[in-house]
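# Residue-level structure breakdown
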Amino acid sequence: MTTIKGANVFVTGGGRGIGKVLVEELYARGAGKVYATARDPRSVTHPDAVPLALEVTDPASVAAAAEQAQDVTILINNAGASVRASYLDSPMEDVRRDLETNFYGPLLVTRAFAPIIERNGGGHILNVHSALSWLADGTPYSASKAALWSQTNSLRLELRPRGIAVTGLHVAYVDTDMTSGIDAPKADPRDVAVAALDGIEAGEHEVLADDTTRWVKSQLSAGLEAMYAQLKK
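As a starting point, this report considers the structure included with it. Treat the numbers as computed from the prediction; the structure is a model and nothing was measured. (Residues numbered from 1 in each chain as written. Predicted model: local features only at pLDDT ≥ 70, side-chain atom pairs only at ≥ 80, totals over all residues. Heavy atoms only, no water.)

## With respect to the nonpolar core
The biggest cluster of nonpolar side chains holds 31 residues, and the ones touching the most others in it are Val9, Leu26, Ile76, Leu169 and Val192. Among the elements of the structure, strand 1 (8-11), helix 1 (17-28), strand 2 (33-38), strand 4 (74-77), strand 5 (123-128) and helix 5 (189-202) are those that each provide at least two residues to this core. Here the element with the most residues in this core is helix 1; it accounts for 6 residues. Here leucine 26 is in contact with Ile4, Val9, Val11, Ala31, Val34, Ile76 and Leu197, once residues within four sequence places are set aside. Counting 21 residues, the second largest nonpolar core, distinct from the first, contains Tyr35, Val56, Ala69 and Val166. (Core = buried A, V, L, I, M, F, W, Y, C linked by side-chain atoms within 4.5 Å. Buried < 20%, exposed > 50% of the residue type's maximum accessible area, 1.4 Å probe, protein only. Helix = DSSP H or I, 4+ residues; strand = E, 2+ residues; numbered from the N terminus. Contact = heavy atoms within 4.5 Å.)

## Describing the packing of helix 1 against helix 5
It is at 9 Å that the axes of helix 1 and helix 5 come closest, and there the two elements cross at 55°. Judged by the inter-axis angle, helix 1 sits oblique to helix 5. Note on packing geometry: the crossing formed by helix 1 with helix 5 is right-handed. Between helix 1 and helix 5, the residues in contact are Ile18, Val21, Leu22, Glu24, Glu25 and Leu26 and Pro189, Arg190, Val192, Ala193, Val194, Ala196 and Leu197, respectively. Its residues assigned to classes, the contact of helix 1 with helix 5 comprises 10 nonpolar, no polar and 3 charged. (Axes fitted to C-alpha atoms, helices over the stretch in contact; angles between N-to-C directions. Parallel < 35°, antiparallel > 145°, perpendicular 65-115°, else oblique. Left-handed = near helix turned anticlockwise from the far one by under 90°. Nonpolar A, V, L, I, M, F, W, Y, C, P; charged D, E, K, R; others polar.)

## Some thoughts on the packing of aromatic side chains
Throughout the structure, instances matching the rule amount to 4 aromatic pairs. Ring plane angle 40° and centroid distance 6.3 Å describe the contact between phenylalanine 10 and tyrosine 35, whose orientation is recorded as tilted. On the criterion of sequence distance, the pair formed by phenylalanine 10 in strand 1 and tyrosine 35 in strand 2 is long-range, its members being 25 residues apart. The pair phenylalanine 10 / tyrosine 35 is uniform in exposure class, with both members buried. Ring geometry for tryptophan 134 against tryptophan 149: centres 5.6 Å apart, planes inclined by 90°, an arrangement best described as edge-to-face. Of this pair, tryptophan 134 sits in the loop between strand 5 and helix 4 (140-159) while tryptophan 149 is found in helix 4, placing the two residues 15 residues apart along the sequence. When its relative accessible area of 24% is taken as the criterion, tryptophan 149 is described as partly exposed. By the ring-pair criterion, three or more aromatic residues cluster together here, those being Phe10, Tyr35 and Phe113. (Phe/Tyr/Trp six-rings, centres within 6.5 Å; stacked < 30°, edge-to-face > 60°.)

## Brief notes about helix 4
Along its 20 residues, helix 4 runs 28 Å from first to last C-alpha, staying within 8% of the 28 Å computed at 1.5 Å per residue. Of all the positions in helix 4, only Pro140, Tyr141, Ser142, Ser144, Lys145, Leu148, Gln151, Thr152, Leu155, Arg156 and Leu159 are classed as buried. (Expected span 1.5 Å × (residues − 1).)

## What to know about the pattern of salt bridges
A full pass over the atoms with the stated rule returns 13 salt bridges. Among the ionic pairs, glutamate 25 bridges to arginine 190, the shortest N-O distance being 3.1 Å. On the criterion of sequence distance, the pair formed by glutamate 25 in helix 1 and arginine 190 in helix 5 is long-range, its members being 165 residues apart. Given a relative accessible area of 14%, glutamate 25 falls into the buried group. Where salt bridges share partners, they join Lys20, Glu24, Glu25 and Arg190 into one cluster. (Salt bridge = Lys/Arg side-chain N within 4 Å of Asp/Glu carboxyl O.)

## Observations concerning the pairing of strand 2
Burial of strand 2 is extensive: 5 of the 6 residues sit out of reach of the surface. With helix 1 bridging strand 1 and its parallel neighbour strand 2, the resulting β-α-β unit is right-handed. As judged from the 4 bridges shared by strand 2 and strand 3 (residues 50-53), these two strands associate in the parallel manner. Within strand 3, the residue paired with alanine 36 across the bridge is proline 51. (Right-handed = clockwise from strand over helix to strand, strands pointing away. Pairing = 2+ DSSP bridges.)

## As for the sheet that holds strand 1
Ordered in space as 3-2-1-4-5-6-7, the 7 strands form an open sheet in which the pairing is parallel. Bordering the open sheet on either side are strand 3 and strand 7 (206-208), each of which pairs with just one other strand. Going from strand to strand, the sheet's axes swing by 20° on average, the running direction of each strand aside. Both strand 1 and strand 2 contribute to a ladder of 4 bridges, which runs parallel. The residue of strand 2 that forms the bridge with valine 9 is valine 34.

See below:
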């Protein structure tokens with residue numbers, strides 16, 4: 001089990017959305033220190049957080065942030081992007097951008113922090129996935145989250161002998177800036193943050209944060225028509 005009270009935590013994308021609320025909830029649970037990252041660290045508003053500049057797709061930026069956070073025992077890979085690119089019509093650089101941020105970004109950060117967490121006696125990594133890890137939405141975003149889910153499942157096995165537990169957080173739409181233009185039911189980011197941290201402390205392998213996500217995963221053993229009605233004959 002992982003105890004948040006007194007722990008030093010590194011949160012990517014900690015300036016807004018789910019990340020911002022995670023920082024608040026970490027301090028509410030007695031975290032010792034929370035490094036909150038953003039491309040512009042001035043966007044980190046929590047008075048106790050340690051703001052750090054981070055671009056998760058840039059190895060030099062990741063290395064510089066890790067060098068400043070050598071006491072971390074919990075890593076939360078929350079930073080993400082959704083370009084809404086089209087597989088067939090968008091420039092390939094737009095197609096790649098979701099993969100660079102949502103798949104390679106967390107991997108770069110994890111590779112930088114796994115030795116730090118191990119050296120500090122072990123700890124925990126939380127990767128923020130999506131219900132779209134299991135449901136294709138027609139964009140590379142869902143592909144990037146499916147790939148991250150697979151990455152998390154592999155890293156969980158590889159890091160377990162090194163004293164590092166790994167939790168995957170899956171969510172559907174959350175009421176944040178990223179989904180402001182979407183007309184659909186949305187989870188409260190506070191509820192998501194609480195579920196995520198409960199999962200870390202309970203040692204859960206996966207956290208399904210809302211009813212939509214739980215329904216999507218429950219359909220994985222059914223035929224494709226269960227989730228893609230347009231395929232029904």
